[in-house]
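Given next are the chains, with one letter for each unit.
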Amino acid sequence: MNKKEKIRKLLNKNGSESEPFFFMISYDLTKYEIIKLNQLPKDINFELSDDKSIFSSKKIGIEKFPLDFKSYKIAFDKIQKNIKEGNSYLLNLTIKTKIDIKLSLDEIYKYAKSKFKLKYKDEFVCFSPEKFVDIENNKIFTYPMKGTIDANIEDAQKKILANKKEMAEHTMVVDLLRNDLSIVSSKVRVEKFRYCEKISAGKKDLLQVSSKIKGELNSDWKSKIGDILTSLLPAGSITGTPKIKTVEILKDVEKYDRDYYTGIAGIFDGENLYSFVLIRFIEKIQNELYYKSGGGITCDSDAILEYKEALDKIYIPT
Ligand SMILES: C=C(O[C@@H]1C=C(C(=O)O)C=C[C@H]1O)C(=O)O
């Protein structure tokens, strides 16, 4: 049985037992943890919050040792070639940046302020602003986030909402996720289109644009959590579209393993399910720390600006 199938069956089984459990799944669905909440080991910590006021402008400085622009540009150019050939029209290109910070993963987890947090053993810490799906009262919701602007630019919100490239990019992700939700649910509707949220990002504050999409599930969805999640993964907002071909291209151009970065984590509380995308992510690899980050590329993208955006996302909100 392959790993995806194993994950699907385990989630279905855990859901049908109606007991609360935690889950985390890697980007390529080869790694996972599915653990009953009352058996969660001490070295796995997480927090999920819906508190909109979680926002802070205190900064922790991070020294960055980024991939050189030339290497980024090679990947970027390959992506543009694929877009011109019609293989994809939106790809989320991500990079791994070595960082230096005088804090342990435990301390980062403790200090980072974010809606969603996860620390996994001494392996990684994630402080994500991005929901994946929520399931409440037989309804499934997803909240794709696409579009980032420096919040301190004058009229930042107005500018990003009026920007045609941002609009096109966001619409593509909403289309993809509407389609994904239609695989697992019915009566899919976009409930909110392009709303802005402010996020503290090191020396900068960022505005991120999201949408809210809703679908209806059958009342037996708890025994199908595995079918639902494995059909939706990897999350469209961190791949691009069309998904299968785009994932293939990313495998070729990204010269590192995403691992749990851009995967998902969440809980089933016995009644409802809440999950988030594993972005804003620091990983310990052989005693060095790496920050994984990226952004969406379209035919209109500028390589320097995209490179800058991926590096701007390297921050710890405190
Ligand atoms: C992949 C990342 O971000 C993704 C890309 C975004 C964008 O292009 O605006 C926003 C949120 C994420 O879905 C990341 O932050 O590492």
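The structure we're discussing is the one just above.
To start, this report covers the structure provided alongside it. (Residues numbered from 1 in each chain as written. Predicted model: local features only at pLDDT ≥ 70, side-chain atom pairs only at ≥ 80, totals over all residues. Heavy atoms only, no water.)

**Some details on the site of the ligand**
Reasoning step 1: Taken together, the neighbourhood of the ligand is formed by 18 residues, with Glu130, Gly147, Thr148, Tyr261 and Arg280 sitting nearest.
Reasoning step 2: One of the side-chain nitrogen or oxygen atoms of Glu130 is found 2.7 Å away from an oxygen atom of the ligand.
Reasoning step 3: Broken down by secondary-structure element, the contributors of at least two residues to the shell around the ligand are β11 (145–150) and β18 (288–297).
Reasoning step 4: Taken together, the residues of the shell around the ligand break down into four nonpolar, nine polar and five charged. (Near = heavy atom within 4 Å. Polar contact = N/O pair within 3.5 Å; in protein donor to acceptor, adjacent residues only side chain to side chain. Helix = DSSP H or I, 4+ residues; strand = E, 2+ residues; numbered from the N terminus. Nonpolar A, V, L, I, M, F, W, Y, C, P; charged D, E, K, R; others polar.)

**Details of the side chain of Thr262**
Reasoning step 1: Looking at the element boundaries, Thr262 is found in the loop between α7 (243–253) and β15 (264–268).
Reasoning step 2: Given a relative accessible area of 2%, Thr262 falls into the buried group.
Reasoning step 3: Residues contacting Thr262, with those up to four places away along its chain left out, are Tyr27, Ile238, Val277, Leu278 and Ile279. (Buried < 20%, exposed > 50% of the residue type's maximum accessible area, 1.4 Å probe, protein only. Contact = heavy atoms within 4.5 Å.)

**Examining unusual backbone geometry**
Most peptide bonds adopt trans geometry, and most residues besides glycine take a negative phi value.
Reasoning step 1: Looking along the chain, the bond that leaves Leu233 and enters Pro234 is cis, with omega of -5°.
Reasoning step 2: Of note, Pro234 is situated in the loop between α6 (225–232) and β14 (240–241).
Reasoning step 3: Cis geometry marks the peptide bond from Thr241 to Pro242, where omega comes out at -5°.
Reasoning step 4: Tracing the backbone through its elements, the reader meets Pro242 in the loop between β14 and α7.
Reasoning step 5: The backbone of Asp155 shows a phi angle near 55°, a positive value even though the residue is not glycine.

**Observations concerning a nonpolar patch on the surface**
Reasoning step 1: Side chains of Met167, Val190 and Phe193 sit close together on the surface and give an oily, nonpolar patch of about 230 Å² of accessible area.
Reasoning step 2: Within the secondary structure, Phe193 is located in strand β12 (residues 186–201). (Patch = residues over 30% accessible without salt bridge, like charges linked within 9 Å, V, L, I, M, F, W, Y side chains within 5 Å. Areas by Shrake-Rupley, 256 points an atom, 1.4 Å probe, with all protein chains shown as cover. Salt bridge = Lys/Arg side-chain N within 4 Å of Asp/Glu carboxyl O.)

**Some remarks on helix α5 (residues 164–184)**
Reasoning step 1: With 21 residues, α5 ought to run about 30 Å at 1.5 Å a step, and its terminal C-alpha atoms sit 31 Å apart, in line with that.
Reasoning step 2: Capping the start of α5 is the job of one residue whose side-chain oxygen sits 2.9 Å from the backbone nitrogen of Lys165: Asn163. (Expected span 1.5 Å × (residues − 1).)

**Brief notes about the pairing of strand β2 (residues 32–36)**
Reasoning step 1: Where burial is concerned, most of β2 is hidden: four out of the five residues are buried.
Reasoning step 2: Sheet topology note: the strand β1 (residues 21–25)/β2 ladder contains five bridges and is antiparallel. Bridge pairing in β2 links Met24 to Glu33.
Reasoning step 3: A loop of six residues connects β1 with β2, the two strands running antiparallel in sequence, and Leu29 in this loop sits at a positive phi of about 55°. (Pairing = 2+ DSSP bridges.)

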